[in-house]
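Close look at the chain arrangement
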Amino acid sequence: MTTLSPTTAPVTQGNQIPRKRLYGIVAEFHDPAALMAAADKVRMAGFRWWDCHTPFPVHGLDKAMGIKRTILPVLVFGAGLTGTTIGFCLQAFTNAASFSIWALVWVTGYPFLISGKPLISMPAFIPVMFELTILLSALSAVGIMFLFNGLPRWNHPLLSNKRFLRVTDDRFFIVIESRDPRFFASRTEQFLKDLGAKAVEMVEA
Amino acid sequence: MSSLPVNRQTALPGFQETDNTAENPGVRAPLVLNMDRFGQVTRQVCQVAESKKPPFAWYAAFAVSLALVGLLGFCVNYLIFTGVGVWGLNNPVMWAFDITNFVFWVGIGHAGTLISAILFLFRQKWRTGINRFAEAMTIFAVICAGLFPGIHVGRVWLAYWLFPIPNQMDMWPQFRSPLLWDVFAVSTYFTVSFVFWFVGMVPDLATLRDRAKGRIQQFAYGLFALGWRGSNRHWHRYEVAYLLLAALSTPLVLSVHSVVSFDFAVSQVPGWHTTIFPPYFVAGAIFSGFAMVVTLAVPARQLFGLKDLITLRHLDNMNKIILVTGCMVGYAYSMEFFIAWYSGAMYERFAFVNRAFGQYWWAYWIMVSCNVITPQLFWFKSIRTSIPIMFALCLVVNIGMWFERFVIIVTSLANDFLPTSWDFFTPTWVDMGTMMGAFGLFGTLFLLFCRYLPMIAMAEVKATMPQANPHWSGYEAHDDHGHAGGSAKPSFASPDALRSPGSGPDGGPSAL
């Protein structure tokens, strides 16, 4: 397919060519099928620090890129259990305990006796426990998702590339970063061109 | 590629519609009309926020809404500075318009969450056309709902007593009270709905950021787009988080109106003390919420030229849901009556007969005719797909569902156990002004949303287009369905290149 195989290039940070510091190379594609086929090949070529950028999640691209499933759901489950526990402790302490604890200030529980019901009235505690479970799970799902994604960050080298800005509209991109051990500017550029990219551009860091 | 033939129908001059409601089991009906490129979707949605001036009707509606917000501000301040006596409440009727409005607005919100969460779990792709503004509707409705319990407590400055805040009086909320469950349910509902709405909007805000010409727009959209750049490693976690939010919001939305119904059902008042209330309230909430979505969608798609994205099929589907939930509500009304008779409880039986034939008979029959009889017209496809008729019917349903809450609350209280204390509730001008003002607040927020934010979930709509499927334009390799994918095997991969990608600073991006 190509004589300039990137896998035969010397493993280097690509500093042989005098130039400004590179963030990486972006390759533009016009439809999801072309992107998928190219992503397959980039993964097969052994790149690690690379990514696909799409206007919407493309079905099957995770597999083509070899992305492992995130552990997010496990963490969210933990957050949910925390919420349940907080919900129970909050109600049991404030409505049934007669001792003091330190929660920023010293606070004392108040054992409410309402029409002879038990102090720890579990059925009545369920709604608030449930709501706090949902609240903590939902907030942690979003918070951890953004944390793992390294967001929010308001500047990024890619966002300074005019062509790349159409990624949120109708274009599909593969980006290979210069920090990848297999990255070698000219060869990687040629490699991406050979994958059928409509345009290939260098992006400065 | 393959799509159903769509024929033009001209119901009214100037209101041309493309009919995509025909069912053909062999072919998926198109959800995006007259567009086959992703860029067209972007442009059609973004032109609303990017246009220099909105249509004249927007200004007119905004002026009316803003005037009503002024009225709301006046009425609320008058109430706070004078006391709850300015409302028409009397001794047996301690709850009236305030709680009616609260339950009404919380109910309106439910359709948004149903569309964004439950229809997502059921893989209903048509939800993508309407979910964004239905979710916005949810948030604004819950804001309106939250206002009423806040101001009806009498001493508004002590509203913080609702929350378990450590204080020097060692005073805590009473967690065995459904009213306190309500505080937690509604505030959780608002927070989670807001997060769900915002997370869904981040990729679309990035679209607006990347298209923005002016510095202010670039900054404002850029701030809230959080630096989103469509990375597939991000999309992966994003989709998992979105699925989790949908799965968490589904029990949440069902719990919220259940908890609201506990405010009544857990008490001993005849007419309130019924076990049917939680499912009955949830069905009613979805019923009224969908009616409100249609009420908002019809003018919005007309005004902002979004008919190709909010198609007749979307409206038809929503009208079907209104029909189903309307039948559930009708069933609940009749079952309440049956149980009142069957229970043999004297007070319960009186409460229901009194509801239909007592001093509030007119409210009861407005409720029945609006909520049970009117939606039955949606059995006819010609009515489900007629824009003016569905708009009128949905307005009727909105009115009916407001009256449902009024009937439940006021008739049960006005004629309680002791006939000597019976009374009749008459709203004052402050009651009326606050109710109208809440509609103004809702309208103002919704109009601002339509003007400045992406009204349709662009990324999600694009993903449902047939062109978004890699197989559509011939991607064969790496097929999920087990076909051989040899044709696309790269010829240049050396054996050591096929090692599985590692993780961490040297082996590639974090795999978390």
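Parameters at a glance
Residues numbered from 1 in each chain as written. Chains lettered and ligands numbered in written order. Predicted model: local features only at pLDDT ≥ 70, side-chain atom pairs only at ≥ 80, totals over all residues. Helix = DSSP H or I, 4+ residues; strand = E, 2+ residues; numbered from the N terminus. Buried ≥ 20, exposed ≤ 12 C-beta atoms within 10 Å, placed from the backbone. Contact = placed C-beta atoms within 7 Å. pLDDT = per-residue confidence, 0-100. Pairing = 2+ DSSP bridges. Domains from an automatic or database assignment. Nonpolar A, V, L, I, M, F, W, Y, C, P; charged D, E, K, R; others polar.

Within chain B, the secondary structure is distributed over 15 helices and 2 strands. Looking at chain B as a whole, 47% of its 512 residues are labelled buried. Sequence-distant contacts, at least 24 apart, represent 79% of the contacts inside chain B between residues at least 6 apart.

On average, residues of chain A score 87 in pLDDT, and 90% of them are at 70 or above. Confidence, read as mean pLDDT per element, is least for strand E3 (residues 100-103) of chain A in chain A (85) and greatest for helix H4 (residues 122-148) of chain A (95).

Attention shifts here to the pairing of strand E1 (residues 22-29) of chain A. All names here are of chain A. Among the 8 residues in E1, 7 count as buried, and that is most of the element. For E1 and strand E6 (residues 199-204), the ladder comprises 6 bridges, and the chain directions are antiparallel. In the sheet register, Gly24 faces E6, and the bridge partner there is Val203. Where E1 meets strand E5 (residues 172-177), 6 bridges bridge the pair, whose relative direction is antiparallel. Across the sheet, the residue bridging to Glu28 is Phe173, located in E5.

Next up on the list: the domain arrangement of chain A. Under the domain assignment, chain A is made up of domain 1 (6-67 + 153-204) and domain 2 (72-148). A C-alpha centroid distance of 47 Å is found between domain 1 of chain A and domain 2 of chain A.

As a further point, take the interface of chain B and chain A. Facing 75 residues of chain B, the contacting portion of chain A comprises 82 residues. Elements represented by at least two residues in the side of chain B that touches chain A include exactly helix H1 (38-50), helix H5 (178-211), helix H7 (232-265) and helix H15 (458-464) of chain B. Sort the elements by how many residues they give to the side of chain B that touches chain A and H7(B) lands first, with 16 residues. Residues that form the side of chain B that touches chain A fall into these classes: 40 nonpolar, 24 polar and 11 charged.

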